[in-house]
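# A look at the structure
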Amino acid sequence: MSDLLREQLSALMDGELPHEECELLVKRISTSADLAQSWHAYHLIGDALRDQLAGGDAEQLAPRVREALTEEGKERFHHAGRWRRWSTLVAGIAVLGLAGLAGSLITSHMDSGKVFAPSGASGTRVGSAIHVDWRSEPQPVQAELSRYLMMHDPYGLTPNPSGDKAGGAVTAMPPLNTSAQGGQSSNTSY
Amino acid sequence: MRSGFLLLLAALCLPLTAFAGPNPEAWFTLMQQALKSRSYQGNIVYMRHGEPAAYRLVACSDGYARLSSLTGPPREVVRGPHVAVRIRAGTAFMVVREPRHGGAPLPFPPATQAPVNQLARWYRFELGGWSRVAGENARLVELVPRDHWRYGYRVWISRSSDLPLRSQLVGPQGGVMEQAFFTHVKLLDESTARGLIGSKAMSLVKQAASSPKAEAANACPGAAASGAVSIHGLPPGYHLLRQQCQAAPGARIAVTHVILSDGLSSVSVFVAPHHTGGATLTGQTSMGSVHAMGRIANGYAVTVMGTVPMSTISRISRGVRIKTP
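Keep in mind that this is a model prediction, so the values were computed, not measured.

Helices and strands together make up the secondary structure of chain A, namely 8 helices and 1 strand. Counting all 190 residues of chain A, 39% fall into the buried class.

The following block contains the structure:
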């Protein structure tokens, strides 16, 4: 799925997609399994969290996710304008309803508070508009990048496209040179 | 006398951020102290590139932590003070030394323990408003980059626990590139946290940390060996943290792994022998906010990667020099 589609999907979830784009996107969702899967992912994550959390935690989760995202929504709201946000959301829902697709999903989505506003979209535009997406690289290159990502940030939250498939049994490697060096100004070398 | 005692008791019960006042650097320092001294568990939602993911984290004040994915492919990482072990099917699948460069066992930024005065050279600290995150009141502290060589960060610090409850990576035009936030945090005593991390998982970390250090000596042959790789013209603020010979998971040949940092963001440089027809990145690529650039130099594949602007990646890549044997 392209970044543009992903961003459009995010905007639709946010109610920030222009009406004419809503219509086109819904047509695409109805014909693209990949896109439909992504659409479902927003809903499924909430369900997955519920399934795997203890009762008390699960009850608190949805409102807190919503709370956190509402905070951000307010900021966007401020910039985008109340009318545009709600009119596009209503238009989006209407179009989806007409297409007979995901209407019930939206209802359950809103009711359950599983409102995920993927805030990465705006930033991703900045980052990925110019550069080739990692996932469009040849498979061996992707595998190499995945290995490097694991080494770069083994404890980070960034999901690895190749997961653990890139791996295998490894031996711990000690550092050869652990002394910190280098300066803090421009043209620094080490 | 009694009221004085009660006042003192009340003051001792207050979180340190209650005394931080309007100074964002003080808030940040107290957050760093809390990350070192608190044991806690929580659920984290991470969002990037329109894709949400959920994790559960248990962190102990002794430096151990366990991070488990709740969505997507199963993934589990156990971290000790100086080692991170990725676990698969109950066994160590990958070992990385000095994870996060001695930072706190928090899987999202700003988990750095770098002194605030060092960070302040490259980031301007600003105090924002109050929000509610994970059911707690939290104060926003912004780290605004002073130049274009790094991204900005926003962190919401709990008033009650001093822990960072929410974090955002901010792009050059102010857009949020990725964010992580707790949906729930519970403070624990150390023994409870250790129990939740699990003795078997902690043993794996200890075992990895105490493994012999001899085997890497001949693992990075030729020009990829230590001392043969140097980087010139680093962007301002970035300095060498560590250079090591490390086996990539599933790869037959070890690579030289150079880690650079400005105290908050880090960049990795990987140098490996290039084989014609092999899997090597040439050019630029991105996965969300993680950028990478690859090129061939003197028969070696040089790959630079990090959550920093592509211009930073590109400048570092251009500065890599390899001395052939």
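Additional details are given in the paragraphs that follow.
Once that is clear, we can look at helix α5 (residues 199-209) of chain B. Residue and element names in this part refer to chain B. For α5, the full list of buried residues reads A201, L204, V205 and A208. Looking down the long axis of α5, one finds its buried residues gathered within 95° of arc, a one-sided arrangement. Facing away from the buried side of α5 by over 90 degrees, the exposed positions are S199, K200 and S203. Among the structural elements, β3 (65-69), β4 (76-79), β5 (83-88), β6 (91-97) and α4 (190-197) are those in contact with the buried residues of α5.

Let's shift gears to the pairing of strand β14 (residues 254-261) of chain B. All names here are of chain B. Among the 8 residues that make up β14, 8 are buried, leaving the element largely enclosed by the rest of the structure. Here β14 shows two buried faces, one formed by A254, T256, V258 and L260 and the other by V255, H257, I259 and S261. Here 8 bridges tie strand β13 (residues 239-247) to β14, and the two strands are oriented antiparallel to one another. Its bridge partner being in β14, L240 is matched across the sheet by L260. Where β14 meets strand β15 (residues 266-273), 6 bridges bridge the pair, whose relative direction is antiparallel. If you follow L260 over to β15, its bridge partner there is V267. Counting the residues in the hairpin turn of β14 and β15 gives 4 residues, including G263, whose phi is positive at 105°.

Residues and elements named next belong to chain A. Summarising the model, chain A shows a mean pLDDT of 52, and 24% of its residues fall at 70 or more. At the low end of the mean pLDDT range in chain A sits helix α6 (residues 103-112), at 29; at the high end sits helix α8 (residues 139-152), at 86. Overall, residues 46-61 carries pLDDT values under 50, and its contacts beyond four positions in sequence, including any with other chains, amount to 22 contacts.

In this section: the pairing of strand β1 (residues 39-48) of chain B. Residue and element names in this part refer to chain B. Within β1, 10 of the 10 residues are buried, which leaves the element mostly enclosed by the surrounding structure. Here β1 shows a buried face lined by S39, Q41, N43, V45 and M47 and a second buried face lined by Y40, G42, I44, Y46 and R48. When β1 meets strand β11 (residues 176-188), the two strands line up antiparallel, connected through 10 bridges. Across the sheet, the residue bridging to G42 is V185, located in β11.

What follows is about the sheet that holds β14(B). If you trace the 7 strands from one edge of the open sheet to the other, you get β1(A)-β16(B)-β17(B)-β18(B)-β15(B)-β14(B)-β13(B), paired in mixed fashion. The open sheet terminates on both sides in strands that have one partner only, identified here as β1 (132-133) of chain A together with β13 of chain B. Each of β14, β15, β16 (283-287), β17 (290-297) and β18 (300-306) of chain B is contacted by helix α6 (residues 310-318) of chain B, which is oriented at about 20° to β17(B), the strand it contacts most.

So, about the confidence of the model for chain B. When pLDDT drops low, the exact placement of atoms in the prediction is not to be read closely. All names here are of chain B. Taken residue by residue, chain B gives an average pLDDT of 84. The fraction at 70 or more is 82%. Low pLDDT, under 50, characterises residues 214-218; the predicted model gives this stretch 6 contacts beyond four residues in sequence or across chains. What the predictor reports for the complex is a pTM of 0.69 with an ipTM of 0.85.

Another aspect to go through is unusual backbone geometry. Residue and element names in this part refer to chain B. The omega torsion across P109 and P110 is 0°, close enough to zero to call that bond cis. Tracing the backbone shows P110 in the loop between β6 and α3 (116-119). Phi angles above zero are rare outside glycine, and D162 is one such case at about 70°. Positionally, D162 belongs in the loop between β9 (152-158) and β10 (164-170). Here N298, not a glycine, exhibits a phi torsion of approximately 55°, which is positive. Mapping N298 onto the fold places it in the loop between β17 and β18.

Calculation notes
- The residue numbering used here restarts from 1 in each chain and proceeds along that chain's sequence as written.
- As a convention, the first chain written is A and the first ligand written is 1, with the rest following in written order.
- Local features in a predicted model are, by the rule used here, given only for residues with pLDDT of at least 70; side-chain atom pairs are given and counted only at 80 or more, and totals for whole chains, interfaces and linings are based on all residues.
- Counting from the N terminus, the helices are the DSSP runs of H or I reaching at least four residues and the strands are the DSSP runs of E reaching at least two.
- To sort residues by burial, count the other C-beta atoms lying within 10 Å of each one's C-beta; a count of 20 or more means buried, 12 or fewer means exposed, and anything in between means partly exposed. C-beta atoms are built from the backbone.
- This arc describes the spread of directions from the helix axis toward the C-beta atoms.
- This entry defines residue contacts through backbone-placed C-beta atoms, with two residues in contact when those atoms are within 7 Å.
- One requirement defines pairing of two strands: DSSP has to find at least two bridges between them.
- Confidence per residue, as judged by the predictor, is encoded in pLDDT with a range of 0 to 100.
- Axis lines are fitted through C-alpha atoms, for helices just across the contact stretch, and the angle between N-to-C directions can take any value from 0 to 180 degrees.

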